[in-house]
Amino acid sequence: MRRPAHCRPIPFQSAPASTRRCGTGAVYAGWLAWLCIAGSACSFTQAKTSIQQNACQTDNECASGSQCKSGLCVMPGAPVATSIALSLEVTPKRMPDGSSPIPMVFGPFTLDGPPRRNFDLILPLAVAGRVHDAQTDVPANLSFVPSDTHAQQNEALHVGTTDASAPGAGSFHVQLLPAITYHVSVEPTDTTRPAYRFDWSLDSGTSLDIDYATLQWKTRHFVVNGAPTDRKLMVRALDKTTGVAVSNTAEVSAAGLTLLMAPDATSFRLEITAQQSDASAAQNPSACPDPDVNPSVFPVLTVDDTALGTDSHGDGIVALPQIPAPIRYSGVVKLCSGQSVLGQQGLPLALNATALTFTDNAASVKATYNASVTAMLDKTTGELPFCMRVLPGSYLLVVTPPASLTCGIFAERRSIAAPSGGGDINDAVVQLQPPAVLTGTIETPDGTALSSASVDALALGRDLVFAADDPSVASYNRSKQATSDAKGMFQVPVDLGVYDVVIKPAAGSGFAWQVLYDVEIAARRNTFATRVTLDSPVLVQGTLHYLDADARAQTSLVGAEVHAYTTVTEAGSKTRSIEVGRSTADDTGQVTLLIAPNLKQGW
C-alpha cells in the first residue's frame, strides 16, 4: 500500500542540523514521529530504519578534515588519499552491437585529482580468424588473456571453434580491445597437433590466421625405460614456467615415442600418465577392495628436460622408477567438540601427494598422486570411517566439513609408509578442530555502531609458517561471511590461513568499504578482536563514455557494473589488486563511487 506523502521515509538531511549528528540515523525516527501525527494513517513499523547514514547539509556537521558534498561527509582527495591509485573495471550489460559484454579497464588514476571526471573507454573491435593446417580446418579451443591489466580482469576470453563436422570448423570470432597485447593459446581438440601460444594485438589488424603448416615445429624422439607392461603410458611436454602443453600427446611403445614440439618449446618437462587397463580400471584406486585384490596404482610422473639422458642416436632417454606397491590407508574422521555426527551422510577426504617414495631414480623423476574418498557414516557405530589405497610418500590430507558443521577445515602434512615388515595402515585418525573466530565492532566516524554491514573474509589460499612440530597447512582456507548486528558487532568463524577482510556497509548508507588486507590467522581456538572505525569516504564521480562512438553506442553503458581496484605491495615487492568499491552506472551513464581513504594491513 502506498504511504501518504508525509509518511514516506525522508532523506536524513531533512532533519534540522541543530538536532542531528552526521553519520548516524539517531534522529531519523524522531522526525518521522513528528510527521506522523494522529490520523495520518502511518505507522512507526513501516517508517522505522536501522541503517545508519552518512548525510549532511553543511561542513560543520562532518568530522574534522571532512567536507559536505552532495549531501555526504567526504574526505577531499588531497592530501589524504594521494597514495591510493584506482583502476576501474567496467562491464556493460551488453556491447553496442548486442554481443556478450567484455570487461574494460579505465585507469589507473589517483584520488587526489578532481572528484568529477570522464571515464573514457575504448570500444572493442571484432576479430575474425581461422585455425587450419594448410587446407584442413583444425577444431580448437582458443583463449585470449590480457597481458597487462590495471585491475583484476585477467580472466581469459575463451572462444571455442565450431564442431569438426561443420563447414569452417576452424573459424572463430572474438571481440578484443585495442592497445592491449593478448597471450593467445590454441588447444587443438585432437592430440595429433601440439598446442600453440603466442602474443598478439590489434596492431596486426582485425583478422587472425593460424596456419599450422607454416609453423616451425620440432620433432623429438624419446626412449622410455622401465615402462610397465600392464597399461598404456601417454607422454606430452609442458612448459616449465607456465605448465601449459607445448607438444602433442603420444603413446609409449617398445620403440619409444615421437613428440611434435611447438617452436618456442625450449625449456620443458615431460609429463607421463597411465591409462588403466580394463582389469585395473574396474578397481577404484581410492576404494579398498578385499585384501586379496591389489589393483596397481600409477602416479603422474614428470621428468625435467635437463634430467634426460641421450643415446647414440641423440634420442632422449627417460628412466622410470619402479612403482612401489600401494598401501591400504584407513581410519576414522572425528568431528570437533560440540558437533554431532547425526545428519552427516559423509565427509569428503582427499590425499594429495607432495613427494612419493621410490627406491631408484628419485632425483630425476618427480611424481604426484591424488586420491579421494568419502568418509561415510556408519550407523551402527556412529563413526565416520574411511579407506583408500595410496602409494608411500608425503601427502597433504584435506577434509572439508560442510557448512552445517562449525569445524575448521582439516589440512595437514602426513607421511605414509607401510609398517615395518609390510602390511596396511588401519588406525589413522583425522581429528577436526574448532575454527578461529574474527570478532569486532564497526563504528561510524562519530562512534555510532554500524549495523547491517557485510563482513567478508576472503581466503587468499596462502600458506603460513607454523612451528616445526605443527603439520598444519593454511592454503586450503575457505572464504566466510557475516553481518554486523544492532550493536555493530560481528563474528566470523574462519580456518587457519590468510584473508582480506572487507567491511561493506549497507547499500545507501553513504559509507565506503573498509579493507583490512593480509590478515593472518595462525592459531586455532583463538578469538581475534578488533574495532573498525569508518572514515569519511573519498567521493569519485564521473560519466562512462565510449571514445569515437555515436550516441546509440553510449546507451549500452546504462546499468554497467563498475568495480574499483587498487594495488598493495607485499613481501618481496610483489603487488596485487584488491577490490575497494563497487557501483552501477545510472540511466545517463554516471557513476558514483565511495572509496575509503586508506587500507589497513593485518587485524
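By convention here, each chain's residues receive numbers from 1 onward along its written sequence. In keeping with the model being predicted, local features are shown solely for residues with a pLDDT of at least 70 and side-chain atom pairs are shown and tallied solely at 80 or more, while totals for entire chains, interfaces and linings include all residues. Side-chain calculation: all heavy atoms of the structure are included, whereas hydrogens and water are not.

(A) Broad picture of the pattern of salt bridges. Salt bridges are defined as contacts in which a side-chain nitrogen from Lys or Arg sits within 4 Å of a carboxyl oxygen from Asp or Glu. Within the structure shown, the criterion is met by 16 salt bridges. One salt bridge in this structure joins Arg531 and Glu443, with 2.5 Å as the shortest N-O distance. Of this pair, Arg531 sits in strand S36 (residues 527-533) while Glu443 sits in strand S30 (residues 436-443), placing them 88 residues apart in sequence. Taking relative accessible area as the criterion, Arg531 reaches 53% and is therefore assigned exposed. Asp495 is the partner of Arg478 in a salt bridge, and the nearest nitrogen-oxygen pair spans 2.9 Å. Taken as a pair, Arg478 in the loop between strand S31 (454-459) and strand S32 (480-483) and Asp495 in the loop between strand S33 (489-494) and strand S34 (497-504) lie far apart in primary sequence, 17 residues in all. Three exposure classes are used, based on accessible area relative to the maximum for each residue type with a 1.4 Å probe and protein chains only: buried under 20%, partly exposed in between, and exposed over 50%. Under the relative-accessibility criterion, Arg478 is labelled buried at 18%. The network of salt bridges with shared partners includes Arg462, Asp500, Asp518 and Arg576. Here a strand is any run of E in DSSP of at least two residues, a helix any run of H or I of at least four, and the numbering for each starts at the N terminus.

(B) Examining the nonpolar core more closely. Phe144, Val186, Leu432 and Leu544 are the most contacted members of the largest nonpolar core, which totals 113 residues. Here this core gets five residues from one element, more than from any other, and that element is strand S23 (residues 346-356). Pairs of residues are marked as contacts when any of their non-hydrogen atoms sit within 4.5 Å. Leave out the neighbours within four places in its chain, and Leu432 touches Val333, Lys334, Leu335, Cys336, Leu347, Val399, Pro401, Cys407 and Phe410. By size, the runner-up hydrophobic cluster in this structure holds 20 residues, among which are Leu438, Ile503, Leu516 and Ile521. Note on terminology: a nonpolar core comprises buried Ala, Val, Leu, Ile, Met, Phe, Trp, Tyr and Cys residues joined through side-chain atoms within 4.5 Å.

(C) Just the packing of aromatic side chains, in detail. We call Phe, Tyr and Trp rings a pair once their centres come within 6.5 Å, taking the six-membered ring for Trp, and we label the pair stacked below 30 degrees between planes, edge-to-face above 60, and tilted otherwise. Here the structure, examined in full by the defined rule, presents 10 aromatic pairs. Residues Phe144 and Phe172 carry aromatic rings whose centres are separated by 6.3 Å and whose planes lie at 45° to one another, so their mutual orientation is tilted. Residue Phe144 is located in strand S8 (residues 140-146), and its partner Phe172 is located in strand S10 (residues 171-176); the two are separated by 28 residues in the primary sequence. Both residues of the pair, Phe144 and Phe172, count as buried. Ring centres of Phe490 and Trp603 lie 6.3 Å apart, and the angle between their planes is 85°; this geometry places the pair in the edge-to-face category. Here Phe490 is found in strand S33, whereas its partner Trp603 is found in the segment after strand S41 (600-601), with 113 residues between them in sequence. Owing to a relative accessible area of 3%, Phe490 belongs among the buried residues under this scheme. Members of the aromatic cluster, joined through ring pairs, are Tyr196, Phe198, Tyr212 and Trp217.

(D) Molecular detail of the pairing of strand S35 (residues 514-521). Counting buried positions along S35 yields seven of eight residues, so the element is predominantly enclosed. Across six bridges, S34 lies against S35 in antiparallel orientation. Its bridge partner being in S35, Gly497 is matched across the sheet by Ile521. For two strands to be treated as a pair, DSSP must find at least two bridges joining them. Examined bridge by bridge, S35 and S41 share two bridges and lie parallel to one another. Its bridge partner lying in S41, Tyr517 is registered against Gln601.

(E) Here's a closer look at the sheet that holds strand S37 (residues 538-546). A sheet is described by the order of its strands in space; here three strands give the open sequence S5-S37-S40, paired in mixed fashion. Only two strands of the sheet have a single neighbouring strand rather than two, namely strand S5 (116-121) and strand S40 (590-595). Here the strands of the sheet are splayed against their neighbours by 35° on average, with no regard to which way each runs. The convention used is that axes are lines fitted to C-alpha atoms, helices contributing only their stretch in contact, and that angles between N-to-C directions extend from 0 to 180 degrees.

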